[in-house]
Every structure is written in structure tokens, then in C-alpha cells.
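Here's the letter readout for the chains.
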Amino acid sequence: MTGNGMSEMQFSLDYVDLAQWRLAGHGASRNIFENRMHPDVVIKTVKPSAQSAGGNRKVKSKLLFFKKWRRFGAYMVFRRELEEYLNLARKFAGEEKRLPIAKIFGFVQTSQGLGMIVERVSSRDGSLAPTLRRLIEERRFEQNHLDGLNEFFSEAQRLHIVLMDCNLGNFVWCDGGGSNPRVVCVDGTGEKSPVGMYAMSGVLNRIKLKRYRARLHRQIWKHGEAAGINVSSLVGMSV
Ligand SMILES: Nc1ncnc2c1ncn2[C@@H]1O[C@H](COP(=O)(O)OP(=O)(O)O)[C@@H](O)[C@H]1O
Ligand SMILES: [Mg+2]
């Protein structure tokens, strides 16, 4: 095969030109790319609007950030997630295991800065798994989705997963991949506190997770009512 053909077929870990990938979604700070040739992964990059020259983070006040963290610049979000993933992964060393958070496969240099290669969470039909927010907006949110979210939080408590950002756009509904349908967290893991309070204390973390769960329930309530879903018939809401 010629060099050209190879680069089309293969996932070169040296450099990825994202012009060959499709922008599949985005959040406030990151872009998510997919490629049909590689259905198991997505690549996450920091949006150009969220980083300045040299990979620095665009912030209003420089005082807000500790020197230790400044060296990671706009990639700080990757570091937090990676730490959380390492902590979780070590608990299952040697096992083949589905995790409640998307698996991190590695990092690659791309045409749009460093990209994090992550497990692509998918639906049964192969499309990208919908977020809980989208299920609500499309009036497809049902009891099993709430059960899945509550199950996620039980797992998170048991496994001491630290979360720092909770909104319904960070949780997706996965009914593909041959396992039981479940809710997977694709963003917002890791510790915001510089001393690592929640990573250190299981008790504090459980309190925080409970608060986050209640906050998500309130969001389900609010968006659900706006979308015309009969929220009061859902069993297992903490609010
Ligand atoms: N691993 C993944 N599998 C499937 N969809 C994902 C994955 N990661 C992100 N997404 C989709 O992309 C959107 C934005 O990703 P996210 O990581 O939340 O970006 P941000 O950090 O900017 O909030 C999510 O709301 C979700 O719809
Ligand atoms: Mg997000």
C-alpha cells in the first residue's frame, strides 16, 4: 500500500490531521471528533476559543491559578480527568471491565493541539450516545434513564470517583456495545480543590456526590417540566 493509502486507513499515533475527522459535538471548552474508520474512539481537543498562544488557558484573572497548575495551561482539564481515570483503573488492574466513566486511551498531537483519545460511548445503532439533556429535550427520558443515573452515583460512591462539574450534558445513555444499558460519565471527573480534599476523604466525597445527584435531579425536574415530561411519575428522584 502506498504511503497515502496507509495514512487514510491507519490511525497514526504520530500526528492526526483533524480535517479528516468529523466534529461530532462540543461542550463549553472542548471539541469532540469522530471518524467512521475508528468507531471505538473519539478525540477531544481544547477549543481554540479556550486556549491562547502557547497552550495557555484564557482566564480573566491570573491570580486565580496556582503556579503549579499553570504549567499545564489549557490542558489542565486533561490532567484532572487522567488522574481520576488512573485512580479508577488501578482498582481493576488485569480485568476486562466496563467503567462508569469513559476510558482514556491516550494522547495524540493533532492539527488542533493535543488530543485526548477516549472511548467513544455509543448507542445501539452505532451513533454517538445521547446526553441525558438531549433525551429530556426530545422527550425520550424515561424511568430506566433515571435508574441508570442513580446507579452511576451508587458506583461512584463505591469506587470513590471524584466529580467537579455536574450537568446533564456530561452523562450519556449507552445502550450499545453488548452490555446492559447504562449511564456513562464523559466529562467533569476529577478534583477542583487544590489540596485534593475529595480524593482524600471518602466521607466528604460521598456528601458531595449526594449533593451532585440532587442537583442533577433538580435539573431533570426543571428541563423535564419545560419539555412536557411527566416528571412526578419518575421513581427515585431525591427532590
Ligand atoms: N466519550 C464520549 N462518548 C460519546 N460522546 C461524548 C464523549 N465525550 C463527549 N461526548 C459528547 O460531546 C459533548 C461535549 O464533550 P465534553 O467532554 O462534555 O466537553 P466540555 O469539556 O467542553 O464540556 C458531550 O456533551 C457529549 O455529547
Ligand atoms: Mg461537558
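Thresholds applied
Residues numbered from 1 in each chain as written. Chains lettered and ligands numbered in written order. Predicted model: local features only at pLDDT ≥ 70, side-chain atom pairs only at ≥ 80, totals over all residues. Heavy atoms only, no water. Phe/Tyr/Trp six-rings, centres within 6.5 Å; stacked < 30°, edge-to-face > 60°. Buried < 20%, exposed > 50% of the residue type's maximum accessible area, 1.4 Å probe, protein only. Helix = DSSP H or I, 4+ residues; strand = E, 2+ residues; numbered from the N terminus. Pairing = 2+ DSSP bridges. Axes fitted to C-alpha atoms, helices over the stretch in contact; angles between N-to-C directions. Contact = heavy atoms within 4.5 Å. Donors = N, O, S within 2.8 Å, 3.2 Å for Na, K, Ca; no water. Expected span 1.5 Å × (residues − 1). Near = heavy atom within 4 Å. Polar contact = N/O pair within 3.5 Å; in protein donor to acceptor, adjacent residues only side chain to side chain. Areas by Shrake-Rupley, 256 points an atom, 1.4 Å probe, with all protein chains shown as cover. Nonpolar A, V, L, I, M, F, W, Y, C, P; charged D, E, K, R; others polar. Core = buried A, V, L, I, M, F, W, Y, C linked by side-chain atoms within 4.5 Å. Domains from an automatic or database assignment.

- Looking at an unreviewed UniProt entry, one finds the protein chain named PhoP regulatory network protein YrbL, with Aliirhizobium cellulosilyticum as its source organism.

## Thoughts on the packing of aromatic side chains
Link 1 in the chain: Here the structure, examined in full by the defined rule, presents five aromatic pairs.
Link 2 in the chain: Summarising the aromatic geometry, the rings of tyrosine 75 and phenylalanine 78 are spaced 5.7 Å apart at their centres and angled 20° between planes, so their arrangement reads as stacked.
Link 3 in the chain: Residue phenylalanine 78 is classed as buried on the basis of its relative accessible area of 2%.
Link 4 in the chain: Geometrically, the ring pair formed by phenylalanine 153 and phenylalanine 171 is tilted, given 6.1 Å between the ring centres and 35° between the ring planes. With phenylalanine 153 in helix H5 (residues 143-159) and phenylalanine 171 in strand S8 (residues 171-174), this residue pair connects regions lying 18 residues apart in the sequence. The pair formed by phenylalanine 153 and phenylalanine 171 is uniform in burial state, with each residue classed as buried.

## Focus on the sheet that holds strand S1 (residues 22-26)
Link 1 in the chain: The strand order S1-S2-S3-S7-S6 describes an open sheet built from five strands, whose pairing is antiparallel. Strands at the two margins of the open sheet, each flanked by one partner only, are S1 and strand S6 (104-110). The sheet shows a mean angle of 30° between the axes of neighbouring strands, taken without regard to direction.
Link 2 in the chain: Looking at chain direction, strand S2 (residues 30-34) and strand S3 (residues 41-46) are connected through four bridges and run antiparallel. When the sheet's bridge partners are listed, isoleucine 32 is paired in S3 with lysine 44.
Link 3 in the chain: Each of S2, S3, S6 and strand S7 (113-119) touches helix H3 (residues 76-89); the most contacted strand, S6, lies at about 155° to it.

## Considering the coordination of the magnesium ion (ligand 2)
Note on metal sites: the ideal angle is 109.5 degrees for four tetrahedral donors, and 90 or 180 degrees for six octahedral donors.
Link 1 in the chain: Coordination of the magnesium ion (ligand 2) by the protein comes from Asn170 (OD1) and Asp187 (OD), over a distance range of 2.1 to 2.2 Å. You can see asparagine 170 sitting in the loop between H5 and S8 and its partner aspartate 187 sitting in the loop between strand S9 (182-185) and helix H6 (197-200), a full 17 residues away along the chain.
Link 2 in the chain: Among the residues examined, asparagine 170 registers a relative accessible area of 5% and is labelled buried.

## Considerations on helix H7 (residues 202-227)
Link 1 in the chain: When the terminal C-alpha atoms of H7 are compared, their 36 Å separation across 26 residues agrees well with the 38 Å that a helix rising 1.5 Å per residue should span.
Link 2 in the chain: For H7, the complete set of buried residues consists of Asn205, Lys208, Leu209, Tyr212, Ala214, Leu216, His217, Gln219, Ile220, Gly224 and Ala227.
Link 3 in the chain: Summarising the contacts, the buried residues of H7 are in contact with helix H4 (132-137), H5, S8 and H6.
Link 4 in the chain: Positioned one or two residues after H7, glycine 228 has a phi angle of 90°, which is positive.

## Structural notes on the site of ligand 1
Link 1 in the chain: Surveying the vicinity of ligand 1 reveals 19 residues, the closest of which are Ser29, Arg30, Lys44, Glu119 and Gly169.
Link 2 in the chain: Measuring from a nitrogen atom of ligand 1, one finds a backbone N or O atom of valine 121 at 3.0 Å.
Link 3 in the chain: In this structure, aspartate 187 approaches ligand 1 through a side-chain N or O atom, which is 2.9 Å from an oxygen atom.
Link 4 in the chain: In isolation ligand 1 has 550 Å² of accessible area, and contact with the protein removes 91% of it.
Link 5 in the chain: Only S2, S3 and S7 provide two or more residues apiece to the shell around ligand 1.
Link 6 in the chain: Each residue belonging to the shell around ligand 1 can be placed in one class, and the counts come to eight nonpolar, six polar and five charged.

## Focus: the nonpolar core
Link 1 in the chain: Counting residues in hydrophobic clusters, the biggest one holds 46 residues, and the most contacted among them are Leu132, Phe141, Phe152, Phe153, Leu163, Phe171 and Ile220.
Link 2 in the chain: Elements that contribute at least two residues to this core include exactly S3, H3, S7, H4, H5, S8, S9 and H7.
Link 3 in the chain: Of the residues forming this core, the biggest block, six residues, is contributed by H5.
Link 4 in the chain: Split by domain, the residues of this core number at least three in each of domain 1 (9-120) and domain 2 (121-239).
Link 5 in the chain: The residues touching phenylalanine 153, leaving out its near neighbours within four places in the chain, are Leu163, Phe171, Leu209, Tyr212, Arg213 and Leu216.
Link 6 in the chain: By size, the runner-up hydrophobic cluster in this structure holds eight residues, among which are Val16, Leu18, Val41 and Ile117.

## A closer look at the pairing of S3
Link 1 in the chain: Burial analysis of S3 places six of its six residues in the buried class, the great majority of the element.
Link 2 in the chain: Residues Val41, Ile43 and Thr45 line one face of S3 and the alternating positions Val42, Lys44 and Val46 line the opposite face, and both faces are buried.
Link 3 in the chain: Connecting S2 to the antiparallel partner S3 that follows it, the hairpin turn spans six residues.
Link 4 in the chain: Across five bridges, the pairing between S3 and S7 is antiparallel. Looking at S7, one finds that lysine 44 is bridged to methionine 116.

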